[in-house]
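Commentary on secondary and tertiary structure
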Amino acid sequence: MMMATGSQRFWEIDAVRGVAIVMMILFHGVYDLDYFGSAGVGASSGFWRSFAQATATLFLLLVGISLTVSYGRAVHRLTGMELPVKYLRRGARIFLYGMVITVVTWLFLPDGIILFGVLHCIGVSIILAYPVFRHRWLALMAGVGCIAAGVPVSSVTADTNLFIWLGIRTGEMYMFDYFPLLPWLGVVLVGVFLGNVLYPEGERRFRLPDFSTRPMTGLLAWMGQHSLAIYLVHQPLLVIILMAAGAIEIGLV
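Quantities reported herein were computed from a predicted structural model and do not represent experimental measurements.

With that out of the way, let us pick up the overall build of the chain. Of regular secondary structure, the chain possesses eight helices and zero strands. Going from N to C terminus, the chain has its helices and strands arranged as α-α-α-α-α-α-α-α. Over its C-alpha trace the chain gives a radius of gyration of 19 Å, about what one expects of a compact globule, namely 18 Å for 253 residues. Viewed in the frame of its principal axes, the chain has a C-alpha envelope of about 55 × 45 × 30 Å. Excluding contacts between residues fewer than 6 apart, the proportion of contacts in the chain whose partners are at least 24 apart in sequence is 73%. Here the chain carries 16 positive and 13 negative side-chain charges, and the mean point of each set is 15 Å from the other.

In this section: the environment of Leu228. Along the chain, Leu228 falls in helix 8 (residues 227-244). Along the backbone, Leu228 and Ile94 are 134 residues apart, and their C-alpha atoms lie at a distance of 9.1 Å. Not counting the four nearest positions on each side in its chain, Leu228 is found in contact with Tyr97 and Leu119.

This part takes up the nonpolar core. Formed by 46 residues in total, the largest nonpolar core has its most connected members in Leu60 and Tyr87. Residue assignment for this core shows that the elements contributing at least two residues are helix 1 (11-35), helix 2 (46-74), helix 3 (82-108), helix 4 (118-129), helix 5 (136-153), helix 6 (181-198) and helix 8. If you tally residues by element for this core, the top one is helix 6, at eight residues. In this view, Tyr87 contacts Leu67, Ser70, Tyr71, Ala74, Ile126, Ile127, Tyr130 and Phe133; residues no more than four positions away in its chain are not counted. With seven residues, the next largest nonpolar core counts Met23, Tyr31, Ala43 and Phe51 among its residues.

The next point concerns the state of the cysteines. Counted according to the given criterion, the structure contains zero disulfides. Distance from the sulfur of Cys121, which forms no disulfide, to the nearest cysteine sulfur (Cys146) is 10 Å. Taking relative accessible area as the criterion, Cys121 reaches 0% and is therefore assigned buried.

Calculation notes
Residues numbered from 1 in each chain as written. Predicted model: local features only at pLDDT ≥ 70, side-chain atom pairs only at ≥ 80, totals over all residues. Heavy atoms only, no water. Helix = DSSP H or I, 4+ residues; strand = E, 2+ residues; numbered from the N terminus. Rg over C-alpha atoms; globule rule 2.2 N^0.38 Å. Contact = heavy atoms within 4.5 Å. Lys, Arg positive; Asp, Glu negative; His and termini not counted. Charge placed at Lys NZ, Arg CZ, Asp CG, Glu CD. Core = buried A, V, L, I, M, F, W, Y, C linked by side-chain atoms within 4.5 Å. Buried < 20%, exposed > 50% of the residue type's maximum accessible area, 1.4 Å probe, protein only. Disulfide = S-S within 2.5 Å.

Listed below in structure tokens is the structure:
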């Protein structure tokens, strides 16, 4: 849920992120109906599970692409420790938002507390990916390695949650939102590779028709520009709307 920074935004990045936002809202609406209601659509398996993974993959690829654009511009105006500190702070801030969600779910939805969700993952990934922002092939190899490592790690369980960030979890624990670094850091790193290929030095190096003035594109781009805010508020709003419509019932603890 990162966005390109600098004096010029790339409308296509924002618009694609807007598409991912729409996909996310759609999935979470279905998930809420299934989990809190009686829709019985199987939101955690089959088509909807694949849909959710496709949505997350698109988001995290865009995180890597946007980081590359941002870094390509920042490297020319920041010196010394200013550059790494910029991304350390950005990662820490997004991780902190994730911790707020952890506290909220611990208080109100303890059966599905989010210990390492997508914001935790993005925050840590920004910090860990920093050394390869300008090294596209190294980013690609590291990304593929993380994705591949995620397969065997996902079957490993432990008696503690200390390694949940890595992908090792307790056997019975359930979370509404779980994005361990293996494999999802790998998706961000693949995005860094794509960003270096498509937007080297923070500049678009390919021809693209300008659809930025079209109403639908403008709406999607606006959503993409405000993706973090939408992410933070959309789920409570969905729950309120569905409860008002009588589609779900939630007993808060």
